[in-house]
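# Observations on chain architecture
The chain contents come next:
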Amino acid sequence: MEATWSSLYSYISSHKGQLVLTAIVSGVSVGSSIIAFQKAVHTSKIKRIKDSIPLHENSIPLTEYGAPVSISNLKCEPNVRFSDSEKYDQGSAIDSRKPISDILSSDLILEQLSRNRVFLGDSGLAKVRNSLVIIVGCGGVGSWTATMLVRSGVGKVRLIDFDQVTLSSLNRHAVANLSDVGTPKVQALRKHLKEVAPWVQIDCRNELWSMENGESLLEGNPTYVVDAIDNIETKVDLLHLCKSKGLKVISSMGAGCKSDPTRVMIGDISESTEDPLSRSTRRRLRIKGVATGIPVVYSTEKPGPGKATLMPLAEEEFNKGSVHELGILPDFRVRILPVLGTMPSFFGLCIANYVLLDIAEYPMEYSAGKNRTKLYEDVQAKLVGQESRLRGNLVGLSIPLTHADIGYIIEEVYKGKSVISGLSTRLALTRWKPLPHLETGNWGESDHRLRIQDIVVMTKEEVKVHEKDVLEGGKPIEDVWGADVVNRVNQRLAEEAVYAKLR
């Protein structure tokens, strides 16, 4: 060991050793200087971004209900389009005097997105950064969706909402705070999100989406459309338009009155259950010819005793005056919608997750939706057989009901259950009332043809009893099944009569 140290000391003491040691020390010094310089530049870039974000303005006066004192006090910016924000970030939290390219660099952007980059891969992240996602509805669900899409690097986002932030919005909105109350939701979102990812182009449309302006608001060949609307008619119009235009769309069903996050699901709209908004949306879309093919986020949580329910505002509240201040816009009738603030975030995050993975073409294994085509074919064939028997075993008979009609009757009119027993297995369709009596002969194919309102859902065993005792035996329906069943059928048919007007 002593010999080794002696040799090393002799080498270092030599002229050659001194030169090598000097070179090593110089290299370390230069390397350290370069690293320190790079770190200083990096820190300076980040500081410039942070310094460009001004403090928020003071909040405006509010009423006791949390709405702005008057419409004139609303802090409203004009709509900001992509063309306005490509070069400068006008009207946002970032200093509008500085071009974004002067503040940001690609290495900083990639550093901020590094975790998504290693997860999705360079190709996947590139697809995300080159995408345009349109979010219609920027409340509890939409704000969380927008927030995570922007944080994840989506290149362009269009926000569409006519509404303003109110005090009651703050229990569920992703970014809004007291200073945002009274401002349009789209502008509040944009202001905060620009402080997170100023390179993302955010197109604000402070408008109510409708069929009249719908196509123009969806312009630009969007990669994805997010439906976060809670108005049924508008929701159905948006989803139907997207399907007819071949646009990818995902929809949020109702988060109101829900409390169990373990019941939040992602699946095809044909699967969604236990949700009045989902049921009504699905039924109206079926009428328009759309029964499947739309991914939705929904909850399977069932209502129950002690759980929150949607209630109209009591009449005595209207009589107290100033109730209009609860509303978002003048003349909008107010309802009390119980919303646990945490639940919309689950819905919004599920949507953002789905959209990101689909855009990046990352493997997904969500349920594909129930394929009940074979069931509907079998049910239709048995219904044709029954109609043939009731007409004297008429050969070659056909009925004017498609597989889609069969599915609509089973899933929407009768909620996938027998109207007699409530069972959901071994289902079949049957004519409800017997054909008019004929003294001689039989009715032909074109006589008393089946309509949706003529049919009910039963189990196969119940259909046999119904055909034997009612349709052929002539017994009164109430004598066979009881008054409760008759009332239940009448209720379903009355409900269907309302939907029939939408056909």
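Below you will find a few notes about this structure. Within any chain, residue numbers begin from 1 and follow the written order of that chain's sequence. For a predicted model such as this one, the threshold for reporting local features is a pLDDT of at least 70, and the threshold for listing and counting side-chain atom pairs is 80 or more; totals across whole chains, interfaces and linings nevertheless cover every residue. Side-chain measures were taken over the full set of non-hydrogen atoms in the model, leaving aside hydrogen atoms and water.

## Here's the deal with the overall build of the protein
- Each helix is a run of DSSP H or I of at least 4 residues and each strand a run of E of at least 2, with the numbering of both proceeding from the N terminus. Counting its secondary structure elements, the protein contains 18 helices and 11 strands.
- Each residue is placed in one exposure class: buried if its accessible area under a 1.4 Å probe, protein chains only, is under 20% of its type's maximum, exposed if it is over 50%, and partly exposed if it falls in between. Expressed as a percentage of its 503 residues, the buried residues of the protein come to 44%.
- By sequence separation, contacts in the protein at least 24 residues apart represent 73% of the contacts at least 6 residues apart.
- Computed with the Shrake-Rupley method and a 1.4 Å probe, the accessible areas treat only the protein chains shown as cover for residues. When the accessible surface of the protein is totalled, it reaches about 26300 Å², and 55% of it is carbon and sulfur. Contact criterion: two residues are considered in contact whenever any of their non-hydrogen atoms come within 4.5 Å of each other.

## Concerning the side chain of Asp454
- Assignment of secondary structure puts Asp454 in the loop between strand E10 (427-431) and strand E11 (455-459).
- Under the relative-accessibility criterion, Asp454 is labelled buried at 16%.

## So, the packing of helix H11 (residues 276-287) against helix H18 (residues 483-500)
- Note on geometry: axes are C-alpha line fits, over the in-contact stretch for helices, and angles between N-to-C directions span 0 to 180 degrees. Between H11 and H18, whose axes approach to 11 Å, the crossing angle comes to 55°. Between H11 and H18, the interaxial angle falls into the category oblique. For the pair H11 and H18, the crossing hand works out as right-handed. Judged by residue contacts, Ser280, Arg283, Arg284 and Ile287 of H11 engage Glu495, Glu496 and Tyr499 from H18.
- Per-class residue counts for the contact of H11 with H18 are 2 nonpolar, 1 polar and 4 charged. Should an angle fall under 35 degrees it is called roughly parallel, over 145 degrees roughly antiparallel, and 65 to 115 degrees roughly perpendicular, with every other angle called oblique. We call a crossing left-handed when the near helix sits turned anticlockwise from the far one by less than a right angle, and right-handed when that turn is clockwise. Classes in brief: Ala, Val, Leu, Ile, Met, Phe, Trp, Tyr, Cys and Pro nonpolar; Asp, Glu, Lys and Arg charged; the others, Gly included, polar.

## Side note on the packing of helix H10 (residues 232-245) against H11
- Across the interface, H10 lies against H11 with an axial gap of 10 Å and an inter-helix angle of 50°. Considering the angle they form, H10 stands oblique to H11. Where H10 crosses over H11, the handedness of that crossing is right-handed. Taking contact as the criterion, the partners of Ile232, Glu233, Lys235, Val236, Leu239 and His240 in H10 are, on H11, Leu277, Ser280, Thr281, Arg284 and Leu285.

## A look at the sheet that holds strand E5 (residues 249-252)
- With mixed pairing, the 7 strands of this open sheet are ordered in space as E3-E2-E1-E4-E5-E7-E6. Of all the strands in the sheet, just strand E3 (201-205) and strand E6 (264-268) have a single pairing partner and so form its edges. The sheet shows a mean angle of 15° between the axes of neighbouring strands, direction not considered.
- At least two DSSP bridges between two strands are required for those strands to pair. Two strands pair when backbone bridges link them, and strand E4 (residues 224-227) and E5 are joined in this way by 3 bridges, in the parallel orientation.

## Concerning the pattern of salt bridges
- What makes a salt bridge here is a side-chain nitrogen of Lys or Arg within 4 Å of a carboxyl oxygen of Asp or Glu, nothing more. Evaluation of the coordinates by the stated rule reveals 23 salt bridges.
- Of the charged contacts in the structure, one is a salt bridge between Asp203 and Arg205, with a shortest N-O distance of 2.9 Å. Residues Asp203 and Arg205 agree in their burial class; the two are buried.
- A salt bridge links Arg284 to Glu233; its shortest N-O distance comes to 3.8 Å. Of this pair, Arg284 sits in helix H11 while Glu233 sits in helix H10, and the two are 51 residues apart along the sequence.
- For Arg284, a relative accessible area of 19% gives the class buried.
- Accessibility expressed as a relative area gives 40% for Glu233, which makes it partly exposed.
- Counted as one network, the salt bridges with shared partners bring together Arg158, Asp203, Arg205 and Glu219.

## Considering the nonpolar core
- By nonpolar core we mean a set of buried residues, namely Ala, Val, Leu, Ile, Met, Phe, Trp, Tyr and Cys, connected to one another through side-chain atoms within 4.5 Å. Judged by nonpolar contacts, the single largest core of 43 residues is most densely connected at Val133, Ile135, Leu149, Leu159, Ile250 and Val355.
- Ranked by residue count, the leading element in this core is helix H13 (residues 342-360), at 10 residues.
- Every residue in contact with Ile135, bar those within four places of it in the chain, is listed here: Gly142, Thr145, Ala146, Leu149, Val157, Arg158, Leu159, Ile160 and Val226.

## Some details on unusual backbone geometry
- The backbone of Cys257 shows a phi angle near 65°, a positive value even though the residue is not glycine.
- With respect to the secondary-structure elements, Cys257 resides in the loop between E5 and E6.
- Judged by relative accessible area, Cys257 falls into the partly exposed class, the value being 23%.
- Of note, the phi angle at His448 is positive, near 50°, even though the residue is not glycine.

## Considerations on the environment of Arg115
- Here Arg115 shows up in helix H6 (residues 114-129).
- With relative accessibility at 68%, the residue Arg115 sits in the exposed group.

## Some words on a nonpolar patch on the surface
- Residues with no salt bridge and a relative accessible area higher than 30% make up the patches, which join like charges within 9 Å and nonpolar side chains (Val, Leu, Ile, Met, Phe, Trp, Tyr) within 5 Å. Residues Val118, Phe119 and Tyr362 make up a contiguous nonpolar surface patch of about 320 Å² in total accessible area.
- Position of Val118 relative to the elements: it lies in helix H6.

## Focus: the environment of Arg158
- Residue placement: Arg158 occurs in strand E2 (residues 156-160).
- In sequence terms Arg158 and Val133 are 25 residues apart; their C-alpha atoms lie 6.4 Å from each other.
- Between N or O atoms, a polar contact is any pair within 3.5 Å; within protein, one atom must be a potential hydrogen donor and the other a potential acceptor, and residues adjacent in sequence are included only when both atoms are from side chains. Engagement of the side chain of Arg158 in a polar contact is seen with the backbone oxygen of Leu217, the distance being 2.9 Å.
- From its side chain, Arg158 meets the backbone oxygen of Glu219 in a polar contact 2.7 Å long.

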